[in-house]
Amino acid sequence: MNDAVNIRIAGFGGQGVMMAGQILAYAATSEDLNGLWSPSYGPETRGGTANCAVIVSKKPINSPVFLKSHHLLAFNYPSLIKFMDRVKQGGFILYNNSLVSETVLVEGVEVIGVPINDIALELGSIQVINMVMLGAYLEKSKIFEDSTIHKVLAYVLGERKAHMVELNVKAIEAGRDFIRKQGLIHA
Amino acid sequence: MPKVLMKGNEAIGLAAVLGGCDAFYGYPITPQNEIPEYLSKYMIEHNKVFVQAESEVAAINMVYGAAGAGKRVMTSSSSPGIALKQEGISYITGAELPCLIVSVMRGGPGLGGIQPSQADYYQATRGGGNGDYHVIVFAPETIQETIDIIKESFDIADYYRNPVMVLVDGLLGQMMESVDLNKPIKKRFLPPKDWATNGMKNHSGRNVVSSLNIDPQKLENHNLKLQAKYQNVIKNETRFECINMEKAEYVIVAYGTMSRIVRSALEVLKEKGINVGLIRPISLWPFPKEAFKQIPSNIKGILCTEMSLGQMLDDVLIANNGKHPVGFFGRTGGMIPEVEEVVRAIERFQETVVK
């Protein structure tokens, strides 16, 4: 891992964008790194636009805001268009190609479509698209081990939603799987 | 103790509890709602007092009353809400009562917006209440520092019998960071609250809490006593941080979220071969004038940066006293400046000089 990784996660309100970001910040904290999560949304929630910024850093975090991120996870078309030019050279974009049909090219940035809606529907729940995207991100970035993420998931979901852990873990694994297979195709 | 990830507003609530808070009185307003949300659960579960008042004015007067009874009490609000509390704050300072006020700034004026801002510097340091009074104002830059200061603030308020305000912008309230809740705080000797109006069985004579002083000579004497106290606050509680001052060509002054953005800008500027120092006021009142003595005499100028259109700038101009050219850069209304904007502001410093 670099000294610091900036990640932007963007989509519609209700797609689980904020939670996906929080899990990364919790994971950083539990690995004794510095984690920062900052939300950005209007007064509207479900259906409106929402994005969050996550910083995972070995050193204390200075600016909580950044113009360009290393990585962008775009859950819908408006988010992809809004933020695709704000990814650093050598970084990557994962976007939801269940909702975006166009092929996107950004110079110096690897762009990978992940059909998170389709994968989630195959698992039987559209609600876990954020976990599918998170899984794809974890596989692509190698930022955290599964053991850390599973611990964080149990904490975030709490006792009341403990029964949801298994489905979320499955969704993360499905996201990872998609990226692994992608790697094989390219090879 | 391992670190935990906490939202700024929740950390404020928990830190207040760790600081010994007995009672919270408040009225909802974005972007500080997670403070009362958190405390509404915690305080009740721990047999302490939580009241959602009918208005901000009611809340600050409940703080006045409960502080008068010798309890450790707090309120929190955001910009227009803090505006409504000004009368009560003046009364509390006049009656020499301790309390904690947390102000989570949003864009103004008026109802303004709900995005982060630093446009309440005047409101915090000058106040809108009447009379020769001061509120001790701290402006932390991280959630960790917010926790550490809040934990200490009840002690500071009790020691001086004066309100302490912790001033953060909405971003610090809304974001989450890794924090250590168990950092030790400075121990202070605190005299017993023998002035508290907590029932005749607890004090020998009659205790009166009031800010009314009809006799002008008595009122002047009371004000002189307050002034002597404020001089002690200036001497003992002024806080600041100086960074990279030795070889600085320019010095930036910034507090809160803005100072973190500036820290990142300093790194970028260093790569470009421009050495810039930072004065970070931690106490806004008292304003750290002595920090300006550390500025090298050969610098090209001082740049004041704020998420407002120039309020701390007044204090920077006073502290600088005409010695160096002073420039200003600010965004407002809820716009958070990018690191690159601060870098550009230094690069075009000559254009931003305040005449």
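So, here's what we can say about the structure. (Residues numbered from 1 in each chain as written. Chains lettered and ligands numbered in written order. Predicted model: local features only at pLDDT ≥ 70, side-chain atom pairs only at ≥ 80, totals over all residues. Heavy atoms only, no water.)

### Quick notes on the pattern of salt bridges
Using the criterion set out here, one finds 28 salt bridges over all chains in the structure. For B:Arg72, the salt bridge goes to B:Asp158, with nearest N and O atoms at 2.9 Å. Residue B:Arg72 is located in the loop between helix H3 (56-68) and strand E4 (73-78), and its partner B:Asp158 is located in helix H7 (residues 143-160); the two are separated by 86 residues in the primary sequence. A single burial state applies to B:Arg72 and to B:Asp158, both of which are buried. Notably, a salt bridge pairs B:Glu141 with B:Arg280, separated by 3.4 Å at the nearest N-O pair. Separated by 139 residues along the polypeptide, B:Glu141 in the loop between strand E6 (136-138) and H7 and B:Arg280 in strand E11 (residues 276-281) bring together distant segments of the chain. A residue is classified by how much of its surface remains accessible, and B:Glu141, at 7% relative accessible area, is buried. Judged by relative accessible area, B:Arg280 falls into the buried class, the value being 3%. Bridged by salt links that share partners, the residues A:Glu139, A:Lys142, A:Asp146, A:Glu173, A:Arg176, A:Asp177, A:Arg180 and A:Lys181 form one connected network. (Salt bridge = Lys/Arg side-chain N within 4 Å of Asp/Glu carboxyl O. Helix = DSSP H or I, 4+ residues; strand = E, 2+ residues; numbered from the N terminus. Buried < 20%, exposed > 50% of the residue type's maximum accessible area, 1.4 Å probe, protein only.)

### Concerning helix H3 (residues 116-123) of chain A
Note: α-helices contain 3.6 residues per turn, so residues at a spacing of three or four share the same orientation. Residues and elements named next belong to chain A. Within the span of H3, buried status applies to Ile-116, Asn-117, Ile-119 and Ala-120. One face of H3 carries all of its buried residues, which in axial projection span an arc of 165 degrees. Exposed and facing more than 90 degrees away from the buried side of H3 are Leu-121 and Glu-122. Just beyond H3, the residue with positive phi is Gly-124, at close to 95 degrees. (Arc of directions from axis to C-beta.)

### What to know about the interface of chain B and chain A
Taken together, the contact pairs 22 residues of chain B with 20 residues of chain A. Summing both sides of the interface, chain B and chain A together bury roughly 1,800 Å²; the carbon and sulfur share of this comes to 58%. There are 0 salt bridges connecting chain B and chain A. Taken together, chain B and chain A are joined by 10 residue pairs in polar contact (both at pLDDT 80 or more). If you list the elements that add at least two residues to the side of chain B that touches chain A, you get strand E1 (4-7), helix H8 (170-174), strand E8 (176-179), helix H10 (256-271) and helix H12 (339-347) of chain B. It is H10(B) that contributes the most residues to the side of chain B that touches chain A, 6 residues altogether. A class-by-class count of the residues in the side of chain B that touches chain A yields 9 nonpolar, 5 polar and 8 charged. (Contact = heavy atoms within 4.5 Å. Buried area = accessible area lost by both parts, 1.4 Å probe. Polar contact = N/O pair within 3.5 Å; in protein donor to acceptor, adjacent residues only side chain to side chain. Nonpolar A, V, L, I, M, F, W, Y, C, P; charged D, E, K, R; others polar.)

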